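# Analysis of the macromolecular model
One letter stands for each residue in the lines below.
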Amino acid sequence: VPIPADADTPVFQASSGKASYDAGASCFVWKLKQCPGKEEYTLRAEFGFPSSREDGDEEATQSAKPVEVNFSVPYFCVSGLQIRYLKVHEQVLGYRAMPWVRYLTSGSLISRR
C-alpha cells in the first residue's frame, strides 16, 4: 500500500499476519501466511506526517497512488478445473516427470480510490 514519502512512526494492528513499513519504497506490506477462508482479516495502520496537511492540500490528495494487492493461493484452482489424466513422454523431453500436479491461483487487484 503506497504511503506519502514524509510518513513516519508507523503503528500497525493486524488481526492476522505481520505488517511492516518499507521507507525506501514509500509503502507498507502486509503478509498473511494462511487464509483458510470464511474469515475476515483487518489491518489498521497509523502514520505521523511531519509536514502537516491541515491547510487542505488538494494536490497531495489528487496525487495519491493506487493500492495494489498481489496474492497467490497454492493448491487451489478458482475455476474448478481438474486434471484427471496427464501423459508425459519422458524420453522425448529428457527428464523424469513427477507423479503430481500443483494447482495455483494467483492474481492482482488495483484500487484507484
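Look up: the structure comes first, before these words.
Read on for an overview of the structure. (Residues numbered from 1 in each chain as written. Predicted model: local features only at pLDDT ≥ 70, side-chain atom pairs only at ≥ 80, totals over all residues. Heavy atoms only, no water.)

## A few points about the overall build of the protein
Heads up, the rule is: Think of it this way: any DSSP run of H or I at least four residues long counts as a helix, any run of E at least two long counts as a strand, and we number them from the N terminus. Each residue is placed in one exposure class: buried if its accessible area under a 1.4 Å probe, protein chains only, is under 20% of its type's maximum, exposed if it is over 50%, and partly exposed if it falls in between. Here the open area of atoms and residues is found with the Shrake-Rupley method and a 1.4 Å probe, where only the protein chains shown may cover a residue.
When its secondary structure is counted, the protein shows two helices and six strands. Put simply, the protein runs from its N terminus to its C terminus through helices and strands in the order β-β-β-β-α-β-α-β. In the protein, buried positions account for 9% of the 113 residues. Working note: accessible area of the protein is about 9,900 Å², and carbon and sulfur atoms make up 52% of it.

## As for a nonpolar patch on the surface
Test applied: Each patch is built from salt-bridge-free residues with over 30% relative accessible area, joining like charges within 9 Å and nonpolar side chains (Val, Leu, Ile, Met, Phe, Trp, Tyr) within 5 Å. One side-chain nitrogen of Lys or Arg within 4 Å of one carboxyl oxygen of Asp or Glu is enough to make a salt bridge.
On the surface, Ile83, Leu86, Val88, Val92, Leu93, Tyr95 and Val101 cluster together into a nonpolar patch covering about 670 Å² of accessible area. Inspection of the secondary structure puts Tyr95 in the loop between helix H2 (90-93) and strand S6 (104-111). In this structure Tyr95 comes out as partly exposed when scored by relative accessible area, which is 49%.

## Some thoughts on the packing of aromatic side chains
Geometrically, a pair of aromatic rings is defined through the distance of the ring centres and the angle of the planes. Definition in use: Two rings from Phe, Tyr or Trp (for Trp, the six-membered ring) form a pair when their centres sit within 6.5 Å of each other. Planes less than 30 degrees apart are called stacked, planes more than 60 degrees apart edge-to-face, and all others tilted.
Taken as a whole and assessed by the stated rule, the structure comprises four aromatic pairs. Consider the rings of Phe12 and Phe28, whose centres lie 5.4 Å apart with planes at 50 degrees: the pair is tilted. Here the residue Phe12 occupies a position in strand S1 (residues 8-14), and Phe28 occupies one in strand S3 (residues 27-31), the gap between them amounting to 16 residues. Taking the relative accessible area as the measure of exposure, Phe12 reaches 24% and is therefore partly exposed. For Phe28, a relative accessible area of 10% corresponds to the buried category.

## Focus: the environment of Val1
Here is the rule we go by: The contact definition used throughout considers only heavy atoms, calling two residues in contact when any of these lie within 4.5 Å.
Here Val1 is to be found in the segment before S1. Residues contacting Val1, with those up to four places away along its chain left out, are Ser26, Cys27, Phe28 and Val67.

## What about the side chain of Ser26?
With respect to the element layout, Ser26 can be found in the loop between strand S2 (18-22) and S3. Residue contacts for Ser26: discarding those within four places in its chain leaves Val1, Pro2, Ile3 and Ala5.

## Points about unusual backbone geometry
Phi at Thr9 is positive, roughly 45 degrees, even though this residue is not glycine. Secondary-structure assignment places Thr9 in strand S1. Of note, the phi angle at Ser26 is positive, near 55 degrees, even though the residue is not glycine. The class for Ser26 is buried, based on a relative accessible area of 12%.

## What about the pairing of S2?
Two faces make up the sheet, and in a regular strand the side chains alternate between them. Put simply, the test is: Two strands pair if DSSP finds at least two bridges between them.
Where S2 and S3 come together, five bridges link them in antiparallel fashion. In the sheet register, Tyr21 faces S3, and the bridge partner there is Phe28. Between S2 and S3, which follow one another and run antiparallel, lie four residues, and Ser26 among them has a positive phi close to 55 degrees.

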